[in-house]
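Residue strings, one per chain:
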Amino acid sequence: MKNVYLDNNATTKIDDKVVEKMMPYLTENYANPSSMYDTAHVCANAIEEARVQVAEFLGVKNEKNIIFTSCATESANTAIKGVVNRCENKNCHIITTQVEHPCVLSVYENLEKKGCKATYVPVNENGELNIEYLLSKVTPETVLVSVMHANNETGAIYPVYDIAKEVKKINKDTKVFVDGVQAAGKIPIELEDTDIDFYSVSGHKFHAPKGVGVLYVKKGNLFEPLLLGGHQESSLRAGTQNTPYIVGLGEAARLAKENLTYELTEVKRLRDKLENGILSAVKNAKLNSKSKERVPNTTNIGFEYIEGELILLYLNELNINASSGSACTSGSLDPSHVLRAQKVPFTSLHGSIRFSLSRFTTEEEIDYAVKNVPEVIKKLARISPFQDELRALGL
Ligand code: PLP
């Protein structure tokens, strides 16, 4: 079997149509889009076309509210630091969740060291956010609330539109930033007429190349730019624009919008087939993706008394790519902060695996995974040091 790629929340294959659209801007159309001659205007126009495509993708009327960045990490840093750095009160209050991506959590921790007061909102055992707790913490000093739209490890969807609305009712000056990276291309996004001030997405999570991202900024929101220099992106993000990647992201956004129904039906069907297939065949498997609202492509399953890294190594031998619940982003073997926040028991915390599909995942690949993942778990159960516990589970 050729490679079975089930790690689409880490990154995605670039769609051939995206590559095709990018090619002229990697070859003959290389002018600096800010220059004053016709060949540069070709590039500038292509960037503006991509801006319109992204605005349509995010349900935004005015494409001028879209800023291109180098990645979603940059977008999150820009929004969070950009809001806090404008505050006169250096001890201002900021809120986020315990389950954010490190591109938000690390910035919060850094701001705490500089004097900000931060609140981290917990989730319940299903991975659902404690919204009452979040709202109870909003005060006149709260300058920013950051909540992700969908969680990268479990796929849990958070009700960001309602949260933004309720936050503004308590403090209309509190800004709301939403990390939309794992929602983009998987569920509909409609930012117009909402109370969300900033929203980030990343090209490489929906079949564009790595190294290009977006920050939506609702009109009227002032922030201190992260990168200062030229006047690109309305002086909000300096640096020569990466024309081919922006063009690729625009096309990927168009295709993601076009394929959304497929994502919500077919990708979900395949995800459910994989999830049910594994859960019914493996006695020590426990579902971690238990949130009522969930993106259609993700499942996270804990295998009790088995080491996650070993599962990945064995799956790799069979050409199945997945990812473990541990903090792979930091290269550490510590169990995932998301699953810990969800109070996943230690018996399956270290053996949790995320499988994430895309519109390129085939039925044949899912059948292969449904057949082979249980085999791998059974093999590993035989060499697990927890023989008594596994026997008690019927293995
Ligand atoms: N936010 C979430 C939820 C993510 O999953 C990721 C990437 O894994 C990022 C942000 C960072 O995106 P980028 O790689 O574009 O910096």
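Residues numbered from 1 in each chain as written. Predicted model: local features only at pLDDT ≥ 70, side-chain atom pairs only at ≥ 80, totals over all residues. Heavy atoms only, no water.

1. Looking at the site of the ligand
Within the structure, the ligand sits among 13 residues, and Thr73, Asp179, Gln182, Ser202 and Lys205 are positioned closest to it. Contact distances for the ligand include 2.6 Å between a nitrogen atom and a side-chain N or O atom of Asp179. A distance of 2.9 Å separates an oxygen atom of the ligand from a polar side-chain atom of His204. Its residues assigned to classes, the shell around the ligand comprises five nonpolar, six polar and two charged. (Near = heavy atom within 4 Å. Polar contact = N/O pair within 3.5 Å; in protein donor to acceptor, adjacent residues only side chain to side chain. Nonpolar A, V, L, I, M, F, W, Y, C, P; charged D, E, K, R; others polar.)

2. Structural notes on unusual backbone geometry
The backbone of Asp193 shows a phi angle near 60 degrees, a positive value even though the residue is not glycine. Along the chain, Asp193 turns up in the loop between strand 6 (175-179) and strand 7 (198-202). With a relative accessible area of 69%, Asp193 lands in the exposed category. Located in the positive-phi region is Lys343, a residue other than glycine, with phi close to 60 degrees. Its place among the elements puts Lys343 in the loop between helix 10 (337-341) and helix 11 (346-349). For Lys343, a relative accessible area of 59% gives the class exposed. (Helix = DSSP H or I, 4+ residues; strand = E, 2+ residues; numbered from the N terminus. Buried < 20%, exposed > 50% of the residue type's maximum accessible area, 1.4 Å probe, protein only.)

3. Thoughts on the sheet that holds strand 2 (residues 66-69)
Taken in spatial order, the seven strands line up as 2-8-7-6-5-3-4 in an open sheet, and their pairing is mixed. Either end of the sheet is taken by a strand with one partner, and the two such strands are strand 2 and strand 4 (117-121). Direction aside, neighbouring strands of the sheet carry axes that sit 20 degrees apart on average. In this structure, strand 3 (residues 93-97) lies alongside strand 4, joined through five bridges in parallel fashion. Bridging across to strand 4, Ile94 finds its partner in Ala118. (Pairing = 2+ DSSP bridges. Axes fitted to C-alpha atoms, helices over the stretch in contact; angles between N-to-C directions.)

4. A short note on the environment of Lys257
Checked against the element boundaries, Lys257 lands in helix 7 (residues 243-258). Overall, Lys257 belongs to the partly exposed group, its relative accessible area being 45%. Sequence separation between Lys257 and Leu58 is 199 residues, and the spatial gap between their C-alpha atoms is 9.1 Å. Those residues in contact with Lys257, other than ones at most four positions away along the chain, are Glu56 and Phe57. (Contact = heavy atoms within 4.5 Å.)

5. Observations regarding the packing of helix 3 (residues 72-84) against helix 4 (residues 102-113)
Contact geometry for helix 3 and helix 4: axes closest at 9 Å, N-to-C directions at 30 degrees. By the angle class used here, helix 3 and helix 4 are roughly parallel. Every pair of crossing elements has a handedness; the one defined by helix 3 and helix 4 is right-handed. Side by side, helix 3 and helix 4 meet where Ala72, Thr73, Ala76, Asn77, Ile80, Lys81 and Val84 of the first sit next to Cys103, Val104, Val107, Tyr108 and Leu111 of the second. Residue classes in the contact of helix 3 with helix 4 are distributed as nine nonpolar, two polar and one charged. (Parallel < 35°, antiparallel > 145°, perpendicular 65-115°, else oblique. Left-handed = near helix turned anticlockwise from the far one by under 90°.)

6. A word on the pairing of strand 7
Of all five residues in strand 7, five are buried, a share of seventy percent or more. Going residue by residue along strand 7, you find Phe198, Ser200 and Ser202 tucked away on one face and Tyr199 and Val201 tucked away on the opposite face as well. Pairing between strand 6 and strand 7: three bridges, direction parallel. Bridging from a neighbouring strand, Val178 pairs with Tyr199 of strand 7.

7. Notes on the pattern of salt bridges
Here the structure, examined in full by the defined rule, presents 23 salt bridges. Put simply, Asp367 and Lys273 hold a salt bridge, and the shortest N to O gap is 2.8 Å. Separated by 94 residues along the polypeptide, Asp367 in helix 12 (residues 363-383) and Lys273 in helix 8 (residues 260-281) bring together distant segments of the chain. With a relative accessible area of 36%, Asp367 lands in the partly exposed category. (Salt bridge = Lys/Arg side-chain N within 4 Å of Asp/Glu carboxyl O.)

8. Focus on the state of the cysteines
A complete count under the given rule lists zero disulfides for this structure. The structure places no disulfide on Cys87, whose sulfur is separated from the nearest cysteine sulfur, that of Cys92, by 4.0 Å. Residue classification places Cys87 among the buried positions, given a relative accessible area of 14%. No disulfide involves Cys92; its sulfur sits 3.8 Å from that of Cys116, the nearest cysteine. (Disulfide = S-S within 2.5 Å.)

9. Examining the packing of aromatic side chains
Summed over the entire model, instances satisfying the criterion amount to four aromatic pairs. Ring centres 5.1 Å apart and planes at 40 degrees place the aromatic pair Phe57 and Phe206 in the tilted group. In this pair, Phe57 sits in helix 2 (residues 38-57) while Phe206 sits in the loop between strand 7 and strand 8 (213-217), placing the two residues 149 residues apart along the sequence. Both residues of the pair, Phe57 and Phe206, count as buried. Taking the centre distance of 5.1 Å and the plane angle of 40 degrees together, the rings of Tyr305 and Phe386 count as tilted. One end of the pair, Tyr305, is in the loop between strand 10 (298-303) and helix 9 (308-317); the other, Phe386, is in the loop between helix 12 and helix 13 (387-392), with 81 residues separating them in the sequence. Of the residues examined, Tyr305 reaches a relative accessible area of 18% and is grouped as buried. (Phe/Tyr/Trp six-rings, centres within 6.5 Å; stacked < 30°, edge-to-face > 60°.)

10. Quick word on the domain arrangement of the protein
Per the domain assignment, the segments making up the protein are domain 1 (4-12 + 260-392) and domain 2 (16-258). The C-alpha centroid of domain 2 is placed 28 Å from the C-alpha centroid of domain 1. The interface of domain 1 with domain 2 comprises 32 residues on the first partner and 34 residues on the second. The contact between domain 1 and domain 2 buries some 2800 Å² in all, and 51% of this surface belongs to carbon and sulfur atoms. For the pair domain 1 and domain 2, the interface holds zero salt bridges. If you look at where domain 1 meets domain 2, you find 21 residue pairs in polar contact (both at pLDDT 80 or more). Listed by contribution, the elements that provide at least two residues to the side of domain 1 that touches domain 2 are helix 8, strand 10 and helix 10. Looking at the side of domain 1 that touches domain 2, the element that brings in the most residues is helix 10, giving four residues. (Domains from an automatic or database assignment. Buried area = accessible area lost by both parts, 1.4 Å probe.)

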